[in-house]
Each structure stands twice: as C-alpha cells, then as structure tokens.
Amino acid sequence: MANHEEVFKKVISHAKEYGYIFQSSEIYDGLSAVYDYGQNGAELKKNIREYWWQAMVQLNDNIVGIDAAIFMHPTTWKASGHVDAFNDPMIDNKDSKKRYRADVLVEDYVAKIEAKIDKEVTKAAKRFGDAFDKAQFVSTNPRVVGYQEKADGILKRLGKSLENEDLADVKALIEELEIACPLSGSKNWTDVKQFNLMFGTKLGSTAESAMDLYLRPETAQGIFVNFLNVQKTGRMKIPFGIAQTGKAFRNEIVARQFIFRMREFEQMEMQYFIKPGSQKEWYETWKEKRMKWHLSLGMGPENYRFHDHEKLAHYADAACDIEFKFPFGFKELEGIHSRTDFDLGNHEEYSGKKLQYFDPEENKSYVPYVLETSIGLDRMFLAIFSNALQEEQLENNTTRTVLKLPAVLAPTKAAVLPLLKRDGLPEVAQKLVDDLKWDFNIAYDEKDAVGRRYRRQDAVGTPICVTVDHQTLEDQTVTIRHRDTMEQQRVKMDEVKDIIAKEVEMKEWLKRI
Ligand code: GAP
C-alpha cells in the first residue's frame, strides 16, 4: 500500500463499506469524534471485550469483574482529582479560530523530525543492503544524531513545562519552533489555557433540585468506590483485582484519527489492590502480563513498544504506555499505572468512610496501593482492524483485499457456500449452517460465482469458507478454504465443526498467554 495517510483512509472506508464502523448520526452530517459500530463492528468489539474479560477474570482466580454505573456522585470527581486536574492545555489560532491541544502541536512537530530520521534510515538501508546495521547508523550518522537530539530536547522541555504547569513556556516553545496552524498557516496564537475534559449533565426534574453530575471520564472510579463492597462480599485477600469494561466520556479538544480519540468510548480497566511497598514489583509483573496478552493475538512483536511517561498523571508514581504501530505511527494503546493509595486515600477523606483492608499476615489495617491496567476497547479495535487490512498481489496479477483478523476475534467464523444455487446444494449447505450455528457465527452466501464470494469473505475477515459441491452429495465431503493462505482441503462434512473450533476457539488462543 502507498503512504500512511492513504493506508489510513483505506482503513476508514473499508470499515464503513463492510459494516464495521459508521459515523454517528450520519444522516444529519455526523457528530464529531462519535462513531457507531455496525453489524460486524459490534461482533468484533464484543469478541475483543470477551478476550480481555476471560484473560483477566476467568483465568485469574483473584480477579473479579463488576459493572458500575456511568453516573456517580459528583464528589467522586473532586476526590479523584478530575475536577481540578483533568485538563488539557489548549491554544487557539486567532485567524482560523481553531482550537488545538498545545502539547499535540509540539508532538506533531517532533513526529515530523522522527519521520525524517526514518527516511534517512530507509535510504541508508537501501544503500548498504545486508551489511546495514541500524543501531550503529542511528547512533553515529551526524544528521540522524542531530535530529534525534533536537526531538529529545523538545520533548524534554515540553514535559518539564507541563509538569510545572508553565503554560507560558509551552506557548514560547510553539513560537520558537515556528509552528503554524495547519488550517490557516498563521502563527497568530492565543495564550495556552487549561480546559477540563469532563462532560457535565444534570440529575433531577426541577431546576432547583437538580444536581450537577459528570459523565464518567474513566471507569476506574466505579471500581474504587466499590472496593470494600467487593472485598467484603467476595472475601478477597490482597493482592486481588477488580475488572470492569464500560463507556467513558471526554470532551477531547483534538478529536481526530477516527476511533483513536473519541468523545464517547469504552475502556477495559483492572485495578489490582496490593500491599504498600510492593508496587514496583507488581508494576513489572503487569507490564509483562499485558504485553503477553497483546502478543497472543499474533500481530507481531515489532508492532508494540513500551513508552515510559515523562509527565506523570496526578495519581501516579510510575506509568508507561504500551504503544502500537498504528497507520499514523506508534501511539498509546494501553496504560499501566502505579496509582499508589491516591484514589482510595482521597475517597476516604472526601466520604469520611474507611476504605482499608485488614491484613491478617501483618495484623494491621492499611489503605491498599493500586496497580492499574487500562486499555481503550475502541483503540484496540483500531489496532486490530488496521493491522489486519492488507492488499496482496496475487500470482495472476490481481489484487486481493483481505482482512486478516485474528480468527478468534472475527465477527463471522465461517461462511458456508453452495457451489451452485441448484441441484440440492443450497439445501445441504443450509443444513450444515443449522448444525454449526449453535457453536459459531456462520454466514450463508449463494449469490455470484464462488470466487467472488471468497473475496467477499476475505474482505470482511471470515477465516474459513466451506464449499458444498456435487461431490458432497456423493461422499459427504466439502472443501475448506483458509482465508490467510487461500489453501483448500477436502474434508468430511462431520469434521468441519472441529476444524473451525481448532482455529477460532478462545481457549486455544488464551493458552498462548
Ligand atoms: N483510568 C486511567 C485512564 O483512564 P488514560 O490513559 O486516560 O488512563 C486509558 O486512558 C486508555 O483509554 C488509553 O490508553 C486509551 O486506550 C483509552 N482512551 C483514552 N482516551 C480515549 C479517547 N478519547 N478515545 C478512545 N480511547 C481513549
């Protein structure tokens, strides 16, 4: 495929064309950064959620799952720090009147420097061929070293200014780098200001009695406020975890890149309650566990990397991201945060209720520390979908568009295709569908030539096609065609269920973790 932008455009149009993702309220020209999942998207999303849930809740006997409400008492957000500190630094361009995240403007500038480094590396790799040593090249080539130093210096200064809340310096940096508004091209900027990301709403029927609420900006707080309920009713012993999936809402300033940054999105979060002092060890353990979960999906280790946070969130004493190589570069996919006793401690203070654990080994009570893993379901969807979409050049000089989704996550596991629409073939195929549908999502398709039907199933991501032909009537065998290799094999009809199961069953995939 061509350049990154083109690849990303294809991802977006493919997602729409094949019923994965539609713009919200499209008939009214849509709503910015809000999306709907179509018939295939809903299935893929459900499967990703299930893959996470089973890995967390089913396979760990000390992790349980809950489903807390989106609305929470407004004091929750005072205690959590979101009312005071859940801000993004924003800057307006006076000519285009467009608002930007100041830190993103700087990061985009740095991304351009990094793209220059990539270009130099690609050029050198071509020049030196097999003898090319990338590590040596990037550490010694003067031009690359210069670029890298510049990028590092900018990010360091940005991190420091943000940490110190020195918004004047963030503006000064934007001006020094001569960053222009992508829309108007002008460098006529306002001062940088903080902008709270929470959506407000009201509960109650009359204006006087109405209570100001927020739509939750993270699911985590629903876990914290239920910490004692779960610990006591489940008789949980530290260390233990509480997991949850659900919607979160943020009034993002920079809402772009499709479902990467949305205003309404879904999170899959797990809070692991631990002994104070053990947080470093658990931080490393969960980093490793989460990376293994990602790698089990077979999307290639080269597409992931850890990135330590320079600027820690208001609640963390250590934090990193698992970044994924999206079509627009490496970006955060999941966060792993050591949240100390910040949340439980603050909820104790604001609620006046004890949120402590009596540790029988230590014979004392304490506020547990928390290790959090937090991943955006929609972002995971985008990672999987964009990685899966491929265009292959075939031997006969045609191009095949194929969505190589991990089979365990595919919306439809197999398509049953009668070779022709007559001679009793549709009836046999339909009978096979009726047999398989108890175990898997199965599609039935009898329209067009079988080759075109294969291509349709390739494009929608179905891992297996089962073709019923005249020979089936004689010996009860069918042709199985595999999406990724296009290989075909003749098998007995009563073996089909086991063949599909072997390829798509969740337990087979989860065993790789
Ligand atoms: N409880 C911690 C927390 O919410 P975060 O880093 O703000 O941490 C965690 O968010 C994950 O949620 C991110 O790694 C990302 O995958 C996802 N996420 C955050 N904001 C998002 C948005 N606007 N749209 C889609 N996903 C988002």
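The structure presented is a predicted model; accordingly, all values stated were derived computationally and were not measured.

Focus on the side chain of Glu266
Position of Glu266 relative to the elements: it lies in strand β10 (residues 264-274). Exposure remark for Glu266: the relative accessible area of 7% places this residue in the buried category. Within polar-contact distance, the side chain of Glu266 engages the side chain of Lys45 at 3.3 Å. The residues contacting Glu266, other than those within four sequence positions of it, are Lys45, Arg49, Thr245, Gly246, Lys247, Ile375, Gly376, Leu377 and Asp378.

Describing the pairing of strand β4 (residues 87-92)
Remark: a regular strand shows side chains that alternate across the two faces of the sheet. The element β4 is extensively covered by neighbouring structure, given that five of its six residues are classed as buried. For β4 and strand β6 (residues 193-196), the ladder comprises four bridges, and the chain directions are antiparallel. Residue Asp88 lies in a different strand from β6, and its bridge partner there is Phe195. Hairpin remark: β4 followed by strand β5 (residues 99-101), antiparallel, with six residues in the connecting loop; positive phi at Lys97, about 65°.

Considerations on the packing of aromatic side chains
The description of two aromatic rings rests on the distance between their centres and on the angle between their planes. On inspection of all chains with the given rule, the structure shows 24 aromatic pairs. Summarising the aromatic geometry, the rings of Phe8 and Phe258 are spaced 6.4 Å apart at their centres and angled 75° between planes, so their arrangement reads as edge-to-face. Taken together, the residues Phe8 in helix α1 (residues 4-17) and Phe258 in the loop between β9 (240-249) and β10 connect sequence positions 250 residues apart. For the residue pair Phe8 and Phe258, the accessibility class agrees, reading buried in each case. Centre to centre, the rings of Tyr272 and Trp286 are 5.2 Å apart; their planes meet at 65°, and the pair counts as edge-to-face. You can see Tyr272 sitting in strand β10 and its partner Trp286 sitting in helix α11 (residues 279-295), a full 14 residues away along the chain. Neither Tyr272 nor Trp286 differs from the other in exposure class; each is buried.

A few points about the domain arrangement of the protein
Domain annotation for the protein reports domain 1 (1-72 + 211-391) and domain 2 (394-510). Taken over C-alpha atoms, the centre of domain 1 sits 34 Å from the centre of domain 2. On the domain 2 side, the residues contacting the 21 residues of domain 1 number 21 residues. For the pair domain 1 and domain 2, the summed buried area comes to about 1,900 Å², and 69% of that belongs to carbon and sulfur atoms. There are zero salt bridges connecting domain 1 and domain 2. For the interface between domain 1 and domain 2, the tally reads eight residue pairs in polar contact (both at pLDDT 80 or more).

Some remarks on helix α12 (residues 342-351)
Along an α-helix, residues three or four positions apart point the same way, because every turn accommodates 3.6 residues. Taken together, the buried positions of α12 are occupied by Asp343, Leu344, Gly345, Asn346, His347 and Glu348. Next to the buried residues of α12 lie α3 (75-79), α9 (220-224), α10 (227-233), β10 and β13 (329-340). Following α12 by one or two positions, Gly352 has its phi on the positive side, about 75°.

Topic: the sheet that holds strand β20 (residues 442-444)
Across the sheet, which stays open at both edges, the five strands sit in the order β20-β19-β21-β22-β23 with mixed pairing between neighbours. Two strands in the sheet have a free side with no partner beyond their single neighbour: β20 and β23 (488-492). When the angles between neighbouring strand axes are averaged without regard to direction, this sheet yields 25°. One ladder, built from five bridges, connects strand β22 (residues 477-482) with β23; its direction is antiparallel. Among the inter-strand pairings, Ile480 is bridged to a residue of β23, identified as Gln489. Against the sheet, helix α15 (residues 450-460) contacts β19 (414-418), β20, β21 (464-468), β22 and β23, and its axis sits at roughly 170° relative to β19.

Quick look at the environment of Thr462
Assignment of secondary structure puts Thr462 in the loop between α15 and β21. For Thr462, a relative accessible area of 2% corresponds to the buried category. Separated by 20 residues in sequence, Thr462 and Ile442 place their C-alpha atoms 9.2 Å apart. Apart from the residues lying within four places of it in its own chain, the contact partners of Thr462 are Thr412, Lys413, Ala414, Ala415, Gln457 and Arg483. Within the structure, the side chain of Thr462 is placed 2.6 Å from the side chain of Gln457, a separation counted as a polar contact.

Some details on the site of the ligand
Taken together, 22 residues lie near the ligand, and Glu218, Glu252, Met262, Glu269 and Glu332 sit nearest. Contacts to the ligand include Arg339, whose side-chain N or O atom sits 3.3 Å from a nitrogen atom. For the ligand, whose free accessible area comes to 550 Å², the fraction covered by protein is 93%. Counting residues per element, the ones that place at least two in the shell around the ligand are β10, β13 and β16 (369-376). Per-element accounting of the shell around the ligand gives the leading share, six residues, to β13. Residue composition of the shell around the ligand, grouped by class: seven nonpolar, five polar and ten charged.

Notes on the side chain of Glu334
Among the secondary structure elements, Glu334 is positioned in strand β13. The class of Glu334 is buried, set by a relative accessible area of 0%. Separated by 2.8 Å, the side chains of Glu334 and His294 make a polar contact.

Overview of the sheet that holds strand β3 (residues 63-65)
Read across the open sheet, the seven strands follow the order β3-β9-β10-β16-β13-β12-β11; overall the sheet is mixed. Of all strands in the sheet, those with a lone pairing partner are β3 and β11 (304-308), marking the two edges. With direction set aside, neighbouring strand axes in the sheet form an average angle of 25°. Where β10 and β16 come together, eight bridges link them in antiparallel fashion. By the bridge assignment for β16, Met268 is matched with Ile375. Against the sheet, α11 engages β3, β10, β11, β12 (318-326), β13 and β16, with an angle of about 20° to β16.

Cut-offs applied
- Residues numbered from 1 in each chain as written.
- Predicted model: local features only at pLDDT ≥ 70, side-chain atom pairs only at ≥ 80, totals over all residues.
- Heavy atoms only, no water.
- Helix = DSSP H or I, 4+ residues; strand = E, 2+ residues; numbered from the N terminus.
- Buried < 20%, exposed > 50% of the residue type's maximum accessible area, 1.4 Å probe, protein only.
- Polar contact = N/O pair within 3.5 Å; in protein donor to acceptor, adjacent residues only side chain to side chain.
- Contact = heavy atoms within 4.5 Å.
- Pairing = 2+ DSSP bridges.
- Phe/Tyr/Trp six-rings, centres within 6.5 Å; stacked < 30°, edge-to-face > 60°.
- Domains from an automatic or database assignment.
- Buried area = accessible area lost by both parts, 1.4 Å probe.
- Salt bridge = Lys/Arg side-chain N within 4 Å of Asp/Glu carboxyl O.
- Axes fitted to C-alpha atoms, helices over the stretch in contact; angles between N-to-C directions.
- Near = heavy atom within 4 Å.
- Areas by Shrake-Rupley, 256 points an atom, 1.4 Å probe, with all protein chains shown as cover.
- Nonpolar A, V, L, I, M, F, W, Y, C, P; charged D, E, K, R; others polar.

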